[in-house]
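# Structural overview for review
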Amino acid sequence: MSLSILLISLFTFVELNCENLFDCQHDSLKNDIEFLPDGAYHWTRTRYWQKLDRIGQTILSCGEQKVANQQSAKSQVAKRKVRGANNGKSWQLPDMVALCEVENDSVLRDLTRRSLLRNAGYEYVMTDSPDERGIDVALMYSPYSFRLIESHSVRVKPVKGMRPTRDILYASGVTVSGDTLHVIVAHLPSRRGGEKYSRPFRMAAARQVAAVIDSIYNNVSVEAKIIVAGDFNDYSNSESLQLLRSKRMVEVSQGAKGRNGAEGTYRYQGQWGSLDHILASRNLADGLIECYINDAEFLIEHDEKYGGVKPHRNYIGPRYNNGFSDHLPLVARFGW
């Protein structure tokens, strides 16, 4: 009698809008004046470094606890485990993190090399967009579970009345399972001016994301493994999300809830909603273990005006709140 053993490697993917992760240096080509020490938000180096550690703490909390003596799919993965003292358990960090609202390469370098994440070994790629405020998207990844092959930015073609917006980030690489994974990170235009007025701008960006998906299917394989994630400034029933789902993508984050009261990734005037989304190709979605909103107790606070809880954001209007972000992170775990 033979015994066959199936080893499943878990892959943890996180999406997070960082809420204005700016440095304190002025970029003469961008409108970042508000986030300078003498700007409207009085953005000092002390607040900047506090924010970096807050984002690092958020990402660390998206990991998972594992039994320390379990065998991993690759021995290198063990390097990413932070062992507890004499408790037989370890903390497995997220394999990949899609970030929105990060200003530049200097911020990502500080986040990965000088914050609480400095020992995690994360590498990153990011865009350099024409966005007027200078905010971009980035992808952090562990080189122990993802070997980068290539990455590049995709410019969103503007339509009439549309301001320059964030580029779309594309990256591909090989996971510990040996599969090639394609990742697309996007931050669609805001609802400034109203949902109806701004909808064509988000649709322009969504069509560009859809074009990248089509390109992968046409030039790589119809069975390619793809993840699309980011802040879409739209909800699951919006036209932009419907377009992406029509490309054989499954919104694995649809209906995701928190464990401490969060019913969405964002709360506005007492109403929860999810502007952040994670979509996966069907062959990946079939291996989804779980997808939830990380509303750890330190990431939320009591909503005194509307009741319940809300994200513990960094600013409330111009008032410094010494928080984390106005968005809560999405966490998706896949079994390869």
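Before going into details, it helps to say that this report is about the structure given with it. All values derive from a computational prediction rather than experimental measurement. (Residues numbered from 1 in each chain as written. Predicted model: local features only at pLDDT ≥ 70, side-chain atom pairs only at ≥ 80, totals over all residues. Heavy atoms only, no water.)

An order of 6-7-5-1-21-16 is seen for the 6 strands of this open sheet, with the pairing classed as mixed. If you trace the sheet from one side to the other, it starts and ends with strand 6 (123-126) and strand 16 (288-293), each paired once. Adjacent strand axes in the sheet meet at a mean angle of 15° when their direction is disregarded. Judged from the 4 bridges that link them, strand 6 and strand 7 (residues 136-141) form a sheet pairing that is antiparallel. What sits directly across from Tyr 124, in strand 7, is Met 140. Lying on the sheet, helix 1 (residues 45-60) is in contact with strand 1 (10-21), strand 5 (96-102) and strand 7; it crosses strand 1 at an angle near 155°. Sheet strands in contact with helix 2 (residues 105-113) are strand 1, strand 5, strand 6 and strand 7, and its direction is about 165° off that of strand 6. (Pairing = 2+ DSSP bridges. Helix = DSSP H or I, 4+ residues; strand = E, 2+ residues; numbered from the N terminus. Axes fitted to C-alpha atoms, helices over the stretch in contact; angles between N-to-C directions. Contact = heavy atoms within 4.5 Å.)

The next point concerns helix 2. Of all the residues in helix 2, the buried ones are Val 107, Leu 108, Asp 110, Leu 111 and Thr 112. In this structure, the buried residues of helix 2 make contact with strand 1, helix 1, strand 5, strand 6 and strand 7. Here helix 2 starts with a cap whose side-chain oxygen sits 3.2 Å from the backbone nitrogen of Ser 106, and that cap is Asn 104. (Buried < 20%, exposed > 50% of the residue type's maximum accessible area, 1.4 Å probe, protein only. Polar contact = N/O pair within 3.5 Å; in protein donor to acceptor, adjacent residues only side chain to side chain.)

Mapped onto the elements, Leu 52 comes out in helix 1. By relative accessible area, which is 0% here, Leu 52 ends up buried. Remark: the alpha-carbon pair of Leu 52 and Val 107, spanning 55 residues in sequence, is separated by 8.4 Å. With residues up to four places along the chain from it excluded, the contact list for Leu 52 reads Leu 21, Val 107, Asp 110, Leu 111 and Ser 115.

In this structure, the largest pocket encloses a volume near 1300 Å³. In terms of lining residues, the largest pocket is bounded by 43 residues, among which Glu 101, Arg 133, Ser 190, Arg 191 and Arg 192 are the most central. Elements supplying a minimum of two residues to the lining of the largest pocket: strand 1, helix 3 (195-219), strand 13 (266-268), strand 14 (271-273) and strand 19 (315-316). In the lining of the largest pocket, the residues fall into 16 nonpolar, 13 polar and 14 charged. (1 Å grid on protein atoms, 1.4 Å probe; cavity = no way out; pocket = protein on both sides within 12 Å on 5 of 7 lines; lining within 4 Å. Points joined across faces, edges and corners; volume = space filled by probe spheres on them. Nonpolar A, V, L, I, M, F, W, Y, C, P; charged D, E, K, R; others polar.)

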